[in-house]
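What the coordinates show
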Amino acid sequence: QHCSPCRHAVFYDFCSLHQRCRDSGGEPLLAGGSGWYPSEEALHRRALCHISALYSHPQTWVFLLNTKASAETFLSRGWCYCEALWAMSGKRPGMVLDISRDSGAAADWFDFVDECRSLSCRAAPVTPDVFAAQLEEKCFSHGEDRPLVARLYRIGFEARFAGLTRLEYHGLGWGAAEAKTLAATLASGAAPRLRFLSLDGNVLGCAGTASIAEAMPWVPLQELRLGANCIRDDGAKALAAALPKALSLTRLYLGANAIGDDGAMTLAAALLQAASLQELYIDLDLAHAPGALALQSACTAHGVCLRRRLRE
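Okay, so let's go over this structure. All chains use their own residue numbering, which begins from 1 and follows the written sequence. For a predicted model such as this one, the threshold for reporting local features is a pLDDT of at least 70, and the threshold for listing and counting side-chain atom pairs is 80 or more; totals across whole chains, interfaces and linings nevertheless cover every residue. Excluded from the side-chain calculation are hydrogens and water; included are all heavy atoms of the structure.

So, about empty space enclosed by the protein. For each structure, a 1 Å grid was placed over the protein atoms alone; sets of points admitting a 1.4 Å probe that cannot get out are labelled cavities, open sets with protein on both sides within 12 Å along at least five of seven lines are labelled pockets, and lining residues have an atom within 4 Å of a point. Grid points are joined across faces, edges and corners, and a volume is the space filled by probe spheres set on the points. In total, this model carries three cavities of 30 Å³ or more according to the counting rule given. In this structure, the largest cavity occupies an estimated 50 Å³ of space. Lining the largest cavity are Ser-56, Leu-85, Trp-86, Ser-89, Gly-90, Gly-156, Phe-157, Arg-160 and Phe-161. Under the scheme used here, helices are H or I runs from DSSP no shorter than 4 residues and strands are E runs no shorter than 2 residues, and both carry numbers assigned from the N terminus. If you list the elements that add at least two residues to the lining of the largest cavity, you get α4 (78-90) and α7 (145-161). Its residues placed into classes, the lining of the largest cavity shows four nonpolar, four polar and one charged. Gly is put with the polar residues, along with every residue not named as nonpolar or charged; the nonpolar set is Ala, Val, Leu, Ile, Met, Phe, Trp, Tyr, Cys and Pro, and the charged set is Asp, Glu, Lys and Arg.

Turning to helix α12 (residues 290-302), a few remarks are in order. The first and last C-alpha atoms of α12 sit 18 Å apart over 13 residues, in line with the 18 Å expected at 1.5 Å per residue. Among the residues of α12, Gly-291, Ala-292, Leu-295, Ala-298 and Cys-299 are the ones counted as buried. The buried side chains of α12 occupy one side of the element, clustering within an arc of 135 degrees when seen end-on. For α12, the exposed residues set more than 90 degrees away from the buried face come down to Thr-300 and Ala-301. Following α12 by one or two positions, Gly-303 has its phi on the positive side, about 70 degrees. Helix span, expected: 1.5 Å multiplied by one less than the number of residues in the helix. For each residue, the accessible area found with a 1.4 Å probe, counting protein chains only, is set against the maximum for its type, and the residue is called buried under 20%, exposed over 50%, and partly exposed in between. Picture the helix axis, draw a direction to every C-beta atom, and the arc is the one those directions span.

Here we come to the layout of surface pockets. Taken as a whole, the second largest pocket spans an internal volume of roughly 200 Å³. Taken together, Pro-58, Gln-59, Gly-90, Lys-91, Arg-92, Arg-160, Gly-163, Leu-164, Arg-166, Leu-167 and Glu-168 make up the full set of residues lining the second largest pocket. For the lining of the second largest pocket, the residue count by class is three nonpolar, three polar and five charged.

To continue, consider the packing of aromatic side chains. In this scheme Phe, Tyr and Trp rings, the latter by its six-membered ring, pair at centre separations within 6.5 Å, and the angle between planes marks the pair as stacked below 30 degrees, edge-to-face above 60, and tilted otherwise. A complete count under the given rule lists ten aromatic pairs for this structure. Residues Phe-11 and Tyr-55 carry aromatic rings whose centres are separated by 6.1 Å and whose planes lie at 90 degrees to one another, so their mutual orientation is edge-to-face. Of this pair, Phe-11 sits in the segment before α1 (38-48) while Tyr-55 sits in helix α2 (residues 51-56), placing them 44 residues apart in sequence. On the basis of relative accessibility, which here comes to 28%, the residue Phe-11 falls in the partly exposed class. Ring geometry for Tyr-253 versus Tyr-281: centroids 4.2 Å apart, planes at 10 degrees, classification stacked. Taken together, the residues Tyr-253 in strand β6 (residues 251-254) and Tyr-281 in strand β7 (residues 279-284) connect sequence positions 28 residues apart. A residue is classified by how much of its surface remains accessible, and Tyr-253, at 14% relative accessible area, is buried. Taken together, the aromatic side chains of Tyr-81, Phe-131, Tyr-153, Phe-157 and Phe-161 make up a single cluster linked through ring pairs.

Moving on, we come to the pattern of salt bridges. Salt bridges are defined as contacts in which a side-chain nitrogen from Lys or Arg sits within 4 Å of a carboxyl oxygen from Asp or Glu. Counted according to the given criterion, the structure contains nine salt bridges. In this structure, the salt-bridge partner of Asp-98 is Arg-101, at a minimum N-O distance of 3.6 Å. Residue class for Asp-98 comes out buried when judged on its relative accessible area of 5%. According to the relative accessible area criterion, Arg-101 is partly exposed, its value standing at 33%. Taken together, the salt bridges that share partners define one network made up of Asp-129, Arg-154 and Glu-158.

On to a nonpolar patch on the surface. Only residues whose relative accessible area exceeds 30% and that form no salt bridge enter a patch; like-charged residues are grouped when within 9 Å of one another, and nonpolar side chains (Val, Leu, Ile, Met, Phe, Trp, Tyr) when within 5 Å. What sets the accessible areas is the Shrake-Rupley method with a 1.4 Å probe; for residues, cover comes only from the shown protein chains. A cluster of nonpolar side chains, Val-10, Tyr-12, Trp-61, Phe-63, Leu-65 and Ile-99, forms an exposed patch at the surface whose accessible area comes to about 610 Å². Inspection of the secondary structure assignment puts Tyr-12 in the segment before α1. For Tyr-12, a relative accessible area of 49% puts it in the partly exposed group.

The structure is reproduced here in structure tokens:
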């Protein structure tokens, strides 16, 4: 009922690909099989080169079919971890659904999505080199699959991230650790076309904000959203230090944080060298406070549109 009338494709992991499930005589086995027909093997290998697109495409919905009993071990398995990262790295919140959260009480599709949004296990994207190191601690039914999975992740990650222009990670409960992981990935040059990054509604704090600030010179961002992230003066100072190096940034959103006079005055001074910035959204103390006055004056002098909300 939610979808418009059209054709839809459904891919079931594992059982949608030919597996080694035949005995030496070619007969199918429910368990313990180790072989397949040459035609099945050829189709399997061909499919492996493309499955990352099914998981990582921004318009596909991904359902995690792990049960409540297996949820804790799901990401400890190499193949599952790879597929989950493909799905979680570039999709909007709500496009990855964990069915183990379904209570059966959802009245419609929208209630179901709210229940099953996979937020608590939503991992920040990692580079292929980091993934390969993490893979050493993951479990495999066939140990020889480990280098194959590392290679497939690299192919899928590089193909998807190279063309990304938007990343939306708002409301995921991410903190400083996830921000540091994301920043390292962006600083690696993995997203050379990224224009929009939303991290609104997380808990990055000053440490996480500083990590994002360090990555800003490495991506051609035009809009950065960091609203409601528990950012105080130290976080604002880290952003101020990065502004002159963020040569494409035109919009910076810092609303619903706790930036005080020191942070506002540091941002004001940074506007002298932030040639590309056009709009700044921020919550400030009373209009007559020194930080608010300094920022208003700097924005006026440098043609930056200041959109502020005053905290009483």
